[in-house]
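Chain residues, written in single-letter form:
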Amino acid sequence: MRVFNVLLWVLFICPVTVLAGGDYHIDVSGAPTSVQRGHLKLGGTSVSGNSFDVNSFYIERNGTPYIPVIGEFHYSRYPREYWGEQLKKMKAGGVSVVASYVFWNLHEFKEGQFDWSGNLDLRHFVELCKQNGLDVIVRIGPFAHGEMRNGGMPDWLYGRPIEIRSNDPAYLFYVNRLYQQIGAQLDGLMFKEDGPIVAFQIENEYQHSAAPWAFTYQGAPRENTVARRDVDITQIGVGVNEFGNAFAGHGRDHMKTLKQLAIEAGMEAPIYTATGWGYATIVEKESIPVMAGYAYPFWVPGNRPSPFYLYKNIHQQPDYSPVSYDVDLYPSLAAELGTGIAVTYSRRPRVPGESFLPMMVRTVGSGTNGLGFYMYHGGTTPSIGNFFLSEGFGLANKSYDYQSPIGEFGKTSSGYYPLKLINYFLQGYGDILAPLYPVLPATNEAIKADDTTTLRYAIRSNGEGGFVFMHNFQDRISMQDHTDVHIDITTKEGNVRFPHAGTFTLKEGASGIFPFKLDFDGVFFHQATVQPFMRFKNAGHSYHVMIAQEGFEPQVVLDGGLKVSGSGITKELENGLQVVTFSGNHPSEMKVGGVTFLVLPYEMSLNAYLTGADGNQRLIVSEALVLEEDDKLSLISDNQTEVGVLVYPAAKDLQAKNVRKTPLSTELESLRGWTLSVDKQSPVMDLIASGDRHFVLRAPELDFNHINDVFLKFDYRGDRAVCMMNGELVTDHLYTSAPWLVGLKRYEAQLRKHEMYFYFIPMKKDAPYLSWLDKEVVPDFGDAREFLEVYEPEILVEYQFDIVLH
């Protein structure tokens, strides 16, 4: 079986000729289409008849190919009272599954005393996920990592004559007690009972990585949370294991034992996952090995361009290969794609938001059938007074912002918005994409991370049709525009020229996903230079929302005999085909039979959200963040008292409480808009500078009745900053060049009684992290030994506009 598959892959990686001017050719006619079924002990059916199945290439939900979009959010790192709001932000971003660690040391801080209250209320968190229409993957450990103290292992385990992370009966006694507690908390919430829990992750990075025990001494060798047997096969962080695992048999037995303990504790799910990267050990044929990709890791000394923007057959050659399992048996499913990263004192990679989308386009185009973002939502690591529960190793003591799409205090970052383009695409078109195998051009073999001249692209196809994936981004280096490019695609049915006529330009930093020879609800696209985005129904009518990308003339090529109407489009017959061209600057609309296609300019698509229940959905476009609860929409603006909102298909009216509304003119009759405005609010607070290193916040009368949140934005250049209140560290910040944002809503009660202090520390001339910073922010120290520059802080107000559509 393995030999046959390898030969098959070799046969359909085709010769490609690259000509002057950017002419590419690729043959997809030999793409495989078959999958292996029935060989995995995975899958299941709920009491209402919903089902999951797993084959060798993708997951099926209710018999339909399905691609999950998984966002990591640690409930224990965020205040319980705001979980619901943050889950709505995740859903608005296109996330369909929430993953979260259960940190053992938080729940059993003292031996035998379990705490599931307050911010540790796992059950309430999962129930809120269900209320918001989100599935859940519970990562039950017992080892978690997650930059938590001891990797989540309780302090009281240290020093006992126990082999942790092994089948030592003494260790398994404590693990079983933990699992029984977790199972009791989650009783009734399993998928089989129509609950939201669709998967459990067993252990983490088993026989691959570990965390340092917090019991150590300065200058002492690192002592890791790992069985003595596995010390020599364990590494720091995520990486490649070239030396294999002499104890793999013991590892497989332990993983199988853990899964059995989980099931006996009531944790039954159709899917179980286990770390698959770097020769980690899985539950063979009983778990999906999940993958990772970190382009900006803090655990390696180098600061060089990564391989994670280069296309590959990721199903056959997972990132961080070699792996411990037979790749032909399992789908490729990502769990930890680095949407952000933590930083340490001495290593401070900055992850730009524009890096997120190209990495995902590369990963999906390479054959992954599930995206998992780590982290998708940041948070704050809890502490007990100034006893810190974050991992040592030079990491922040409190902040776990992770430079993620949604930050430590719930503020969306620049990377949140472009990620929506692929997240919604996978939700709307995953059933078409999942069975399509990756096909790579031969040019791909020669591309290295520092190559800026060769087009980076791949195709997923069944030999007849598919999607073209491309991007033009690489971490740590600048790319150049690819101009005057076209691709000739050979299929079983003949040749497809992309684009239909002329050429395209792929801008620096840009990415795209384009269909060819595919059916969209009965409308056959010969090819298109618009990117599928959203797919939904409203009042029995089918809608597709697509994106016009800069550098591509937005066109769809259809059969010549189709009756096409619309607004903002032109039509032209060429050789029996109908070429429909859309406006790239304004929304335009094409109707074919009972199907409507809306094409949005790229910048407008970044502000688009899909809302409503299945069968009655609408597209909302606004510069504000759009959150949904029942029939109400909440628009959260970033320091703006006036926002616009567009509704598609058009609503008759918009009702707004305590909000002024003014109609907006739109380019399409099917698109209706309003301008919404509220009164400006000036939070009652004093932020007072004290010398050149301190600020004092006094806000005993801060009122959130008319606003959603208040953020303090500190733009500075220095070593680090800390926030103290009532004698305790509230949060901290290791400087990476990005401003420091601190949200105040969660501290409203404490601020009535206490001042908040902000303290900034200068960077030293010989600081070990200077080479990790962007060159433009590294100061000229001259003869000085240290440098600190703190600009005047900004006070940012988040406004909330509550509306109902009619």
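Model, not experiment: these values are computed from the prediction. (Residues numbered from 1 in each chain as written. Predicted model: local features only at pLDDT ≥ 70, side-chain atom pairs only at ≥ 80, totals over all residues. Heavy atoms only, no water.)

A. Quick peek at the packing of aromatic side chains. By the definition in use, this model includes 54 aromatic pairs. Measuring from centroid to centroid gives 5.4 Å for Trp83 and Phe125, while their planes differ by 85°, and the two rings are edge-to-face. With Trp83 in helix H2 (residues 83-92) and Phe125 in helix H4 (residues 122-131), this pair connects stretches of sequence that are 42 residues apart. An identical accessibility class is assigned to Trp83 and Phe125; each is buried. Between Tyr716 and Tyr735, the aromatic rings sit 5.3 Å apart at their centres with planes inclined by 55°, giving tilted as the arrangement. Taken together, the residues span a long stretch of sequence, with Tyr716 in strand E45 (residues 716-717) and Tyr735 in the loop between strand E47 (728-734) and strand E48 (740-743) at a distance of 19 residues. Accessibility classification places Tyr716 together with Tyr735 in one group, the buried group. Three or more aromatic residues link up through ring pairs in this structure, and these residues are Phe695, Phe714, Tyr716, Tyr735, Trp740, Phe758 and Phe760. (Phe/Tyr/Trp six-rings, centres within 6.5 Å; stacked < 30°, edge-to-face > 60°. Helix = DSSP H or I, 4+ residues; strand = E, 2+ residues; numbered from the N terminus. Buried < 20%, exposed > 50% of the residue type's maximum accessible area, 1.4 Å probe, protein only.)

B. Highlighting a nonpolar patch on the surface. A cluster of nonpolar side chains, Phe109, Ile384 and Phe387, forms an exposed patch at the surface whose accessible area comes to about 250 Å². Its place among the elements puts Ile384 in strand E15 (residues 383-384). (Patch = residues over 30% accessible without salt bridge, like charges linked within 9 Å, V, L, I, M, F, W, Y side chains within 5 Å. Areas by Shrake-Rupley, 256 points an atom, 1.4 Å probe, with all protein chains shown as cover. Salt bridge = Lys/Arg side-chain N within 4 Å of Asp/Glu carboxyl O.)

C. How the structure looks around the confidence of the model for the protein chain. Per-residue pLDDT for the protein chain averages 95, and the proportion of residues at 70 or more is 97%. Every residue in residues 1-20 scores below 50 in pLDDT, and together they form 35 contacts with partners more than four places removed in sequence or on other chains. (pLDDT = per-residue confidence, 0-100. Contact = heavy atoms within 4.5 Å.)

D. Quick peek at H2. Here H2 lies mainly inside the structure; nine of its 10 residues are buried. Within the span of H2, buried status applies to Trp83, Gly84, Glu85, Gln86, Leu87, Lys88, Lys89, Met90 and Ala92. A positive phi of about 95° marks Gly94, the residue just after H2.

E. Summary view of the sheet that holds strand E33 (residues 595-601). Within the open sheet, the five strands sit side by side as E26-E27-E33-E32-E29. Their pairing is mixed. Of all the strands in the sheet, just strand E26 (530-538) and strand E29 (564-567) have a single pairing partner and so form its edges. For this sheet, the mean angle separating the axes of adjacent strands, direction not counted, is 20°. Relative to E33, strand E32 (residues 588-592) is paired through five bridges, and the arrangement is antiparallel. By the bridge assignment for E33, Val592 is matched with Val595. Docked against the sheet, helix H8 (residues 416-433) engages E26 and strand E27 (541-548), running at close to 65° with respect to E26. (Pairing = 2+ DSSP bridges. Axes fitted to C-alpha atoms, helices over the stretch in contact; angles between N-to-C directions.)

F. Region of interest: the layout of surface pockets. As a volume, the largest pocket reaches approximately 1700 Å³. As for the largest pocket, its lining consists of 49 residues, of which Lys91, Gly133, Gln427, Asp614 and Gln617 are closest to the centre. Residue assignment for the lining of the largest pocket shows that the elements contributing at least two residues are strand E5 (64-66), H2, H4, H8, E26, strand E34 (608-611) and strand E36 (625-629). Here the lining of the largest pocket takes six residues from H8, the largest share from any one element. Counted as a void, the second largest pocket has a volume near 1100 Å³. Forming the boundary of the second largest pocket are 49 residues, of which Asp401, Gln403, Ser413, Pro739 and Leu741 lie nearest the centre. For the lining of the second largest pocket, the elements supplying multiple residues, two or more each, are strand E17 (399-400), strand E37 (632-638), strand E44 (709-714), E47, E48 and strand E53 (794-805). For the lining of the second largest pocket, a count of residues per class yields 22 nonpolar, 15 polar and 12 charged. (1 Å grid on protein atoms, 1.4 Å probe; cavity = no way out; pocket = protein on both sides within 12 Å on 5 of 7 lines; lining within 4 Å. Points joined across faces, edges and corners; volume = space filled by probe spheres on them. Nonpolar A, V, L, I, M, F, W, Y, C, P; charged D, E, K, R; others polar.)

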